Amino acid sequence: MWAFYNGRTQARGKREGRRRQSHTEMAHRLLVRRIWTLSVKDLRCLPASTSSFSTSMRSSTTPLSFISPKRTLPRSLPHTSRREVSFNVQDHEDFTERVINSDLPVLIDFHAQWCGPCKILGPRLEKAVAKQKGKVAMAKVDIDDHTDLAIEYGVSAVPTVIAMRGGDVIDQFVGIKDDEALDSFVSKLVGQ
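Because the structure is a prediction, the values reported are computed rather than measured.

K.L.:
In this structure, what is going on with the overall build of the protein chain? I would like to understand it.
P.N.:
On a plain count of helices and strands, the protein chain comes out with six helices and five strands. Along the chain direction, N to C, the helices and strands of the protein chain fall in the order α-α-β-α-β-α-β-α-β-β-α. Put simply, the protein chain has 192 residues, and 27% of those count as buried. Intrachain contacts of the protein chain at a sequence separation of at least 6 include 64% that bridge at least 24 residues. Only carbon and sulfur atoms are counted for the fraction: they give 55% of the accessible area of the protein chain, which is about 13,500 Å².

Following this line, the structure appears as structure tokens:
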């Protein structure tokens, strides 16, 4: 009896060891895949070193040039000199600065991660905004993270898109629209 029980526990121990090893291997594969799929933008953020695996700390004044030796990163990444057309709102202060006080007209996309129609509308909106070539900006507001903004602007369903110029609401819609209607909506905001 004892030999049978002991044999079963040894077999169970081996299975758990293999399972633990497979979890470790899977985590390793996921890590390698994530590193392998880094975008060029992410790679530029990595510091260049004189030796291939240098552990020495580099000065922040040296160029961070992983891809191109002549390129350097801006000092402050969130506020680069180039104005982004599409951005995620971080907080109420960021919303005031980048949306209400914006020189450009702004399209505000109130969405949620769990919202299927939002995932369809988001890329379409970005494409319509990109067609305007910098004449309009797009702010993305996650209603779960920024409930106060959603309440302030009367958002009761997602996706809700609000067009704003000079801090004033110009127009809005709820739900999905086709590409032609989106282009028309954005063009109206720009004033074409």
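K.L.:
What's the story with the side chain of His146 in this structure? I'm lost.
P.N.:
Structurally, His146 can be placed in the loop between strand S3 (137-142) and helix H5 (147-152). Look at His146 and you get buried, because its relative accessible area is 8%. Excluding residues that lie within four positions of it along the chain, His146 makes contacts with Val89, Gln90, Asp91 and Val141.

K.L.:
What is the right way to read the sheet that holds strand S5 (residues 168-174) from this model?
P.N.:
Strand pairing in a sheet relies on backbone hydrogen bonds, with the paired strands running either antiparallel or parallel. The strand order S1-S3-S2-S4-S5 describes an open sheet built from five strands, whose pairing is mixed. Either end of the sheet is taken by a strand with one partner, and the two such strands are strand S1 (86-88) and S5. Strand after strand, the sheet turns through a mean of 20° between neighbouring axes, direction not considered. The sheet contact formed by S1 and S3 spans three bridges and is parallel. Considered in S3, the bridge of Ser86 is made with Met138.

K.L.:
Sorry, what's going on with the packing of aromatic side chains here?
P.N.:
The relative placement of two aromatic rings is captured by the distance of their centres and the angle of their planes. Within the structure shown, the criterion is met by three aromatic pairs. Following the ring pairs from residue to residue traces out a cluster consisting of Phe95, Phe110 and Tyr153. Above the plane of the ring of Phe87 lies Arg98, whose end atom (NZ or CZ) is 4.0 Å from the centre. One cation-aromatic arrangement involves Lys177 over Phe173; the distance from NZ or CZ to the ring centre is 5.0 Å.

K.L.:
How should I be thinking about the environment of Arg124 in this particular structure?
P.N.:
Along the chain, the position of Arg124 falls in helix H4 (residues 116-130). Taking the relative accessible area as the measure of exposure, Arg124 reaches 30% and is therefore partly exposed. Between the alpha carbons of Arg124 and Lys177 there is a distance of 9.0 Å; along the sequence they are 53 residues apart. Setting aside residues no more than four positions away along its own chain, Arg124 makes contact with Ile176, Lys177, Asp178, Asp179 and Leu182. In terms of polar contacts, Arg124 uses its side chain to reach the backbone carbonyl oxygen of Lys177, at 3.2 Å.

K.L.:
Explanation requested: the pattern of salt bridges in the structure shown.
P.N.:
Side chains that differ in charge, positive against negative, can pair when their charged atoms come close. Within the structure shown, the criterion is met by five salt bridges. The shortest N-O distance in the salt bridge between Asp179 and Arg124 comes to 3.8 Å. One end of the pair, Asp179, is in helix H6 (residues 179-190); the other, Arg124, is in helix H4, with 55 residues separating them in the sequence.

Cut-offs used in this document
Residues numbered from 1 in each chain as written. Predicted model: local features only at pLDDT ≥ 70, side-chain atom pairs only at ≥ 80, totals over all residues. Heavy atoms only, no water. Helix = DSSP H or I, 4+ residues; strand = E, 2+ residues; numbered from the N terminus. Buried < 20%, exposed > 50% of the residue type's maximum accessible area, 1.4 Å probe, protein only. Contact = heavy atoms within 4.5 Å. Areas by Shrake-Rupley, 256 points an atom, 1.4 Å probe, with all protein chains shown as cover. Pairing = 2+ DSSP bridges. Axes fitted to C-alpha atoms, helices over the stretch in contact; angles between N-to-C directions. Phe/Tyr/Trp six-rings, centres within 6.5 Å; stacked < 30°, edge-to-face > 60°. Lys NZ or Arg CZ within 6 Å of the ring centre and 35° of its normal. Polar contact = N/O pair within 3.5 Å; in protein donor to acceptor, adjacent residues only side chain to side chain. Salt bridge = Lys/Arg side-chain N within 4 Å of Asp/Glu carboxyl O.

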